[in-house]
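So the chains spell out like this:
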Amino acid sequence: MKDLKQYEFWFITGSQHLYGEETLRRVAEDSRAMVKAMGGRVSGTLVYKGVVKTPDEITAIIKEANYRDECAGIITWMHTFSPSKMWINGLKILHKPMLHLHTQFNREIPFGEIDMDFMNLNQSAHGDREHGFIGARLRLPRKVVVGYWDDAKVLGEVSDWMRSAVGFIAGQSLKVVRFADNMREVAVTEGDKVEAQIKFGWAINSLSMGDLVQEMDGVGESDIEAVFEECKQKYDIVTANVDAVKYQIKIEIAMRNLCEKNGFGAVVTNFENLCGLEQLPGLAIQRLMEAGYGFGAEGDWKTAALLRVMKSMEAGLPGGTSFMEDYTYHLAEGKELILGAHMLEVDPSIADGTVKIDVQPLGIGGKGDPARMIFDGKEGDAICASLIDMGGRMRLIVADVKAVKPIRDMPKLPVARVMWSPLPDFETGAKAWIYAGGAHHAVMSYSITADMMRDYAEIAGIEYVHIGAETRIEDLKRDLILSDLLWK
Ligand code: MN
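Not measured: the values here are computed from a predicted model.

## Concerning the nonpolar core
Most often, soluble globular proteins keep nonpolar side chains buried together rather than apart.
Alright, step 1. Ranked by size, the top nonpolar core spans 135 residues in total, and within it Phe 9, Ile 75, Trp 202, Leu 212, Leu 396, Met 444 and Met 453 carry the most contacts.
Alright, step 2. Here this core spans two domains, since at least three of its residues come from each of domain 1 (4-170) and domain 2 (175-487).
Alright, step 3. Contacts of Phe 9, omitting those with residues within four sequence positions, involve Gly 44, Thr 45, Leu 46, Val 47, Ala 72, Gly 73, Ile 75, Trp 161, Met 162, Ala 165 and Val 166.
Alright, step 4. Ile 58, Ile 61, Met 78 and Leu 94 belong to the second-largest nonpolar core, a separate cluster that totals 18 residues.

## Observations regarding the side chain of Lys 302
Alright, step 1. With respect to the secondary-structure elements, Lys 302 resides in helix α12 (residues 301-314).
Alright, step 2. Of the side chains with opposite charge, Asp 300 comes closest to the buried, unpaired Lys 302, at an N-O distance of 4.8 Å.
Alright, step 3. The residues contacting Lys 302, other than those within four sequence positions of it, are Val 188, Thr 189, Glu 190, Gly 191, Trp 202, Leu 387, Ile 388, Asp 389 and Met 394.

## Observations concerning the packing of aromatic side chains
Alright, step 1. Taken as a whole and judged by the stated rule, the model has eight aromatic pairs.
Alright, step 2. Ring geometry for Tyr 148 against Trp 149: centres 5.4 Å apart, planes inclined by 50°, an arrangement best described as tilted.
Alright, step 3. Its relative accessible area of 8% is what places Trp 149 among the buried residues.
Alright, step 4. One aromatic cluster is present, built from ring pairs that chain together Phe 105, Tyr 148 and Trp 149.
Alright, step 5. Between Lys 246 and the ring centre of Phe 228, over which it is positioned, the NZ or CZ distance is 4.9 Å.

## Quick look at the pairing of strand β2 (residues 45-52)
Alright, step 1. As defined by bridge partners, strand β1 (residues 8-14) adjoins β2 across six bridges and the pair is classed as parallel. Its bridge partner being in β2, Phe 9 is matched across the sheet by Leu 46.
Alright, step 2. Crossover β1 to β2 through helix α1 (residues 21-39) is right-handed.

Reading guide: rules and limits
- Residues numbered from 1 in each chain as written.
- Predicted model: local features only at pLDDT ≥ 70, side-chain atom pairs only at ≥ 80, totals over all residues.
- Heavy atoms only, no water.
- Core = buried A, V, L, I, M, F, W, Y, C linked by side-chain atoms within 4.5 Å.
- Buried < 20%, exposed > 50% of the residue type's maximum accessible area, 1.4 Å probe, protein only.
- Domains from an automatic or database assignment.
- Contact = heavy atoms within 4.5 Å.
- Helix = DSSP H or I, 4+ residues; strand = E, 2+ residues; numbered from the N terminus.
- Lys, Arg positive; Asp, Glu negative; His and termini not counted.
- Salt bridge = Lys/Arg side-chain N within 4 Å of Asp/Glu carboxyl O.
- Phe/Tyr/Trp six-rings, centres within 6.5 Å; stacked < 30°, edge-to-face > 60°.
- Lys NZ or Arg CZ within 6 Å of the ring centre and 35° of its normal.
- Pairing = 2+ DSSP bridges.
- Right-handed = clockwise from strand over helix to strand, strands pointing away.

If you want it as structure tokens, here you go:
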């Protein structure tokens, strides 16, 4: 995945000509000092873009931010007062994510020294309020971060928002390849691909299974051997059926080739549509996810694209992010847990301990026994995110969950498995998810937080539903009713 430092965030300080050259020189000097100090402590690359003092300067810098690919967002701060009618023409054409940093260069008031020169220079308290008004008046989606700029909390919030912005910007060039259509008769994996491209930038197209088979025919033995050697190093191959493992490697190489040739960042399969393949892609998909590709099963392009977006956002963080499905429940009273798995395709980036490769019957799909990785998921705080099409709008549902080590061995279960409990408790979490219409498929992430996803949804301009420690069913149901009014 791309390093987050490849994305620039333009730091723009607002002012005006009222204060004279000396004050403006200090404004620029202070801004440069802040950017320098903050730069090494935030996730993206912070670039100081100067002090803007006129409507033309503001419009010019925002136009440039719009067309520069490397710019993933702007951060604005009003050291002094910057009359906000000057910002209207610029902000109304802004197409990049925006963060309004409400801070002040001086942490404390110098009580013994304070005079009107100090007051004229340090005006954020009211300058940023003028700036806030125009953001509200223009109904601009924006993140407001408040606090002293050198504090870890403030820098953390800026860093997290940068990840949300990167998710949105990475989405603008994301291409998803579907090797099959939706699973027959399934509803939640359907959706409006045109709407998805309008909101998220995702181009969702398809190749035929024949294209994949043809690409597989061109994969050389030596390439397969090289990946097989790599697998022997990285994983514990417990099967004697080496041919089945190598067949998956052949699928993996062919899919990778097609992705690289065509710029695809996410892949969609469907076990019902495997014409020409001997096995459902399992190990192949797991390896692709591990390498950063998005994936959705059963034609689920929404989850595939969302997984890719979240992998773009998490670059450099520990944790891991995978395609996931709520599979089976453990309903022991008071100790309820969800067992998450899939037919094959869980990403080893969330594995704890050994990752085995085995070949086992699938029991569905009518093809050969596929090779797959088998492992236990990690314990820790995580989220499950699901994107659904409500008809006329997209809804992103994010649930906070607590993952645990699988509580017992499951020696006969031939797939990767993760166990978790939703917040605030099993009953409320599962009920809220079902009322909200969350899918059986989700992206499970140990690195991305619900707050990052909220900001992502706001940037994209879609509905967001959060299920967490504070969730009450009564409130959630009311919010869903209000959302229906709001988003109509
Ligand atoms: Mn599924």
